[in-house]
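Residue-level listing of the chains:
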Amino acid sequence: MPQTILVTGASGQLGRSVINHLLGTFKVPAERIVAATRTPASLSDLAARGVIVRKADFDNQASLAKAFAGADRVLIISTNEIAIQGKRREQQLAAVAAAMQAGIGHLLYTSMPNPEPGSPVIFAPDHYDTEQAIKASGIPYTIFRNGWYDENLFMAMPQILASGQWYTSADNGAISYGSRDDYAAAIAAGLASDTGESTTYTLTGPKAYTAAEVAALVTEVTGNPIQVIQLSDEALTEGIKAAGLPESLAKALVSFDAAARAGDLGMVTDAVEKLSGRKSVPLKQFLEMNKAALAG
Ligand SMILES: NC(=O)c1ccc[n+]([C@@H]2O[C@H](COP(=O)([O-])OP(=O)(O)OC[C@H]3O[C@@H](n4cnc5c(N)ncnc54)[C@H](OP(=O)(O)O)[C@@H]3O)[C@@H](O)[C@H]2O)c1
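What comes next is a walk through the structure. Fair warning: this is a prediction, and the values are worked out from it, not measured in the lab. In this convention, every chain numbers its residues from 1, walking through the sequence in written order. Local features are withheld for residues below a pLDDT of 70 in this predicted model, meaning they are given only at 70 or higher, and side-chain atom pairs are given and counted only at 80 or more; totals for whole chains, interfaces and linings count all residues. With hydrogens and water excluded, all non-hydrogen atoms of the structure serve as input to the side-chain values.

### So, the overall build of the protein chain
In this description a helix means any DSSP run of H or I spanning at least four residues, a strand means any run of E spanning at least two, and both kinds are numbered starting from the N terminus. When helices and strands are tallied, the protein chain shows 13 helices and 9 strands. Each radius of gyration is computed over the set of C-alpha atoms, and the globule rule expresses the reference value as 2.2 Å times the number of residues to the power 0.38. Rg of the C-alpha trace for the protein chain: 19 Å, near the compact-globule value of 19 Å for 296 residues, within the 12% margin. Across its three principal directions, the C-alpha atoms of the protein chain cover 60 × 35 × 35 Å. Scored against the burial criterion, the 296 residues of the protein chain give a buried share of 48%. When contacts within the protein chain are restricted to residue pairs at least 6 apart in sequence, those whose partners lie at least 24 apart make up 75%. About 12900 Å² of surface is accessible on the protein chain, with carbon and sulfur atoms providing 53% of the total. Burial classification: accessible surface area is computed with a 1.4 Å probe over protein chains only, and a residue below 20% of its type maximum counts as buried, one above 50% as exposed, and the rest as partly exposed. Any two residues whose heavy atoms approach within 4.5 Å are treated as being in contact. In these tables, accessible area is a Shrake-Rupley quantity obtained with a 1.4 Å probe, and a residue counts as shielded only by the protein chains included in the view.

### A word on the nonpolar core
Among the nonpolar cores identified, the biggest contains 30 residues, and Leu153, Met157, Trp166, Val214, Ile226, Leu283 and Leu287 are the most heavily contacted of them. Of the residues forming this core, the biggest block, 6 residues, is contributed by helix 8 (residues 211–222). Apart from residues no more than four positions distant in its own chain, Met157 is found in contact with Trp166, Val214, Val218, Ile226 and Leu294. Buried Ala, Val, Leu, Ile, Met, Phe, Trp, Tyr and Cys residues that are joined via side-chain atoms within 4.5 Å together make up what is termed a nonpolar core.

### Considerations on the site of the ligand
Neighbouring residues of the ligand: 23 residues in total, closest Ser11, Leu14, Thr37, Arg38 and Ser78. In this structure, Ser78 approaches the ligand through a main-chain N or O atom, which is 2.7 Å from an oxygen atom. Among the cavities detected, the one that contains the ligand is the largest pocket. Elements represented by at least two residues in the shell around the ligand include exactly helix 1 (13–24) and helix 4 (87–102). The rule for a residue being near a molecule or strand is that one of its heavy atoms must lie within 4 Å of it. For the purposes of these results, a polar contact is taken to be a pair of N or O atoms within 3.5 Å, where, inside protein, one atom must be able to donate a hydrogen and its partner to accept one; residues adjacent in sequence count only when each atom of the pair is a side-chain atom. Of the two site types, the cavity is a set of points on a 1 Å grid over the protein atoms alone where a 1.4 Å probe fits but cannot get out, and the pocket is an open set with protein on both sides within 12 Å along at least five of seven lines, each lined by residues with an atom within 4 Å of a point. Throughout, a molecule is located in a cavity or pocket provided that more than half of its atoms lie within 2 Å of its grid points.

### Some points on the pattern of salt bridges
For this analysis, a salt bridge means a side-chain nitrogen from Lys or Arg found within 4 Å of a carboxyl oxygen belonging to Asp or Glu. Summed over all chains, the structure comprises 16 salt bridges. For Lys284, the salt bridge identified is with Glu220, shortest N-O distance 2.9 Å. One end of the pair, Lys284, is in helix 12 (residues 283–289); the other, Glu220, is in helix 8, with 64 residues separating them in the sequence. The class for Lys284 is partly exposed, based on a relative accessible area of 29%. On the basis of relative accessibility, which here comes to 54%, the residue Glu220 falls in the exposed class. Linked through salt bridges whose partners overlap, the residues forming this network are Glu238, Lys241, Glu247 and Lys251.

### Some words on the packing of aromatic side chains
Only Phe, Tyr and Trp rings take part, Trp by its six-membered ring, and two of them pair if their centres are within 6.5 Å. Stacked means planes under 30 degrees apart, edge-to-face means over 60, and tilted covers everything else. Here the structure, examined in full by the defined rule, presents 5 aromatic pairs. Between the aromatic rings of Phe123 and Phe256, the centroid separation amounts to 5.7 Å while the plane-to-plane angle is 70°, which identifies the pairing as edge-to-face. Taken together, the positions of Phe123 in the loop between strand 5 (106–111) and helix 5 (124–137) and Phe256 in helix 10 (residues 247–261) put the pair 133 residues apart, joining distant regions of the chain. Taken individually, Phe123 and Phe256 each receive the classification buried, so the pair is uniform in this respect. A ring pair is formed by Phe144 and Tyr201, whose centres lie 6.0 Å apart and whose planes are at 15°; its orientation type is stacked. Of the two residues, Phe144 is situated in strand 6 (residues 141–146) and Tyr201 in strand 8 (residues 199–203); the sequence distance between them amounts to 57 residues. Assessed through its relative accessible area of 0%, Phe144 is described here as buried. Since its relative accessible area comes to 27%, Tyr201 is described here as partly exposed. Cluster of aromatic residues (ring-pair linked, three or more members): Phe123, Trp148 and Phe256. Taking the ring centre of Phe123 as reference, the NZ or CZ of Arg88 above it sits at 4.7 Å. Sitting over a ring, as applied to charges here, requires NZ of Lys or CZ of Arg to be within 6 Å of the ring centre and within 35 degrees of the ring normal.

### Notes on the layout of surface pockets
Counted as a void, the largest pocket has a volume near 1200 Å³. Together, 41 residues line the largest pocket, and Ser78, Thr79, Asn80, Arg88 and Tyr149 are the ones closest to its centre. At the level of elements, helix 1, strand 2 (33–37), helix 4, strand 5 and helix 10 are the ones that each hand at least two residues to the lining of the largest pocket. For the lining of the largest pocket, the leading source of residues is helix 10, giving 4 residues. Of the residues belonging to the lining of the largest pocket, the class tally is 16 nonpolar, 18 polar and 7 charged. The calculated volume of the second largest pocket comes to roughly 830 Å³. Surrounding the second largest pocket, 33 residues form its lining, Ala156, Trp166, Tyr167, Ile240 and Leu253 being those nearest its centre. Contributions of two or more residues to the lining of the second largest pocket are made by helix 6 (153–163), strand 7 (165–168), helix 8, helix 9 (233–242) and helix 10. Grid points are joined across faces, edges and corners, and a volume is the space filled by probe spheres set on the points. Under this grouping Gly is polar, as are all residues other than the nonpolar Ala, Val, Leu, Ile, Met, Phe, Trp, Tyr, Cys and Pro and the charged Asp, Glu, Lys and Arg.

The structure is reproduced here in structure tokens:
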């Protein structure tokens, strides 16, 4: 009996990319894929290709019971609800509970590197508690601790390139950036496989870079010089707030630098290549392919 694979958050960037890899890279028949989203109308293109589209909102338990019915392997994509502290944790625990009630066979989840208590990343507890709930559920699981996306650089880089200055508190802490699409390919491989083993993978890019090394690569690619200026966490938080960002976002961004400084985001693994069977895109190549997005 062929297995039914369900992806939550299917209209998000990672969700869409996972489904593209299920269909294209791993040749999973469309009728075995359920794309679950809060906005089914936004996935009419997938429905036209034969993918089953269902409504699923982690804030609505009844929608989850309906969506998960009959699914064998379920990927819970972590939500982007980080503005209200604790909200994402609550949503994801609801999704794990619904997966248990639906009697699914294998649960997969997108977490973050080193989310254990003590992580400086302010939303690490959302991921850690979800991982713990998955382990306590008794459902065989695959946890993907996704490293920092290359695409995160698109957020600050336009402003950094415009000013020529990159303020950071990461010191010499390195981040093993990887492309979202590479992570998606690895996750799709895990979904398409029929393994029943419980495993935790840390998905990373092929190399870790300090801010100074990323700046040097961006300069090579764009020709624009960047001066990296190290600040304390406190000074960086105040600077980000002074630039007009809300305090909650300033604290989140600075917590990433603190995690890099602590060495929590620099681990390099070969999990992406092993799972997906393809070479990860090196950061320089990614930057070259996305030169326009770097400039904003
Ligand atoms: N490692 C990193 O560097 C990094 C960077 C950014 C984000 N992330 C995390 O990875 C996730 C996927 O990344 P992305 O780039 O695809 O983000 P994205 O495009 O912003 O997508 C946000 C995702 O959250 C889902 N979502 C939000 N509220 C939900 C709810 N109430 N119920 C169910 N799903 C909900 C959305 O699903 P629908 O809209 O389809 O319902 C969508 O899949 C993010 O949500 C975030 O947790 C990681």
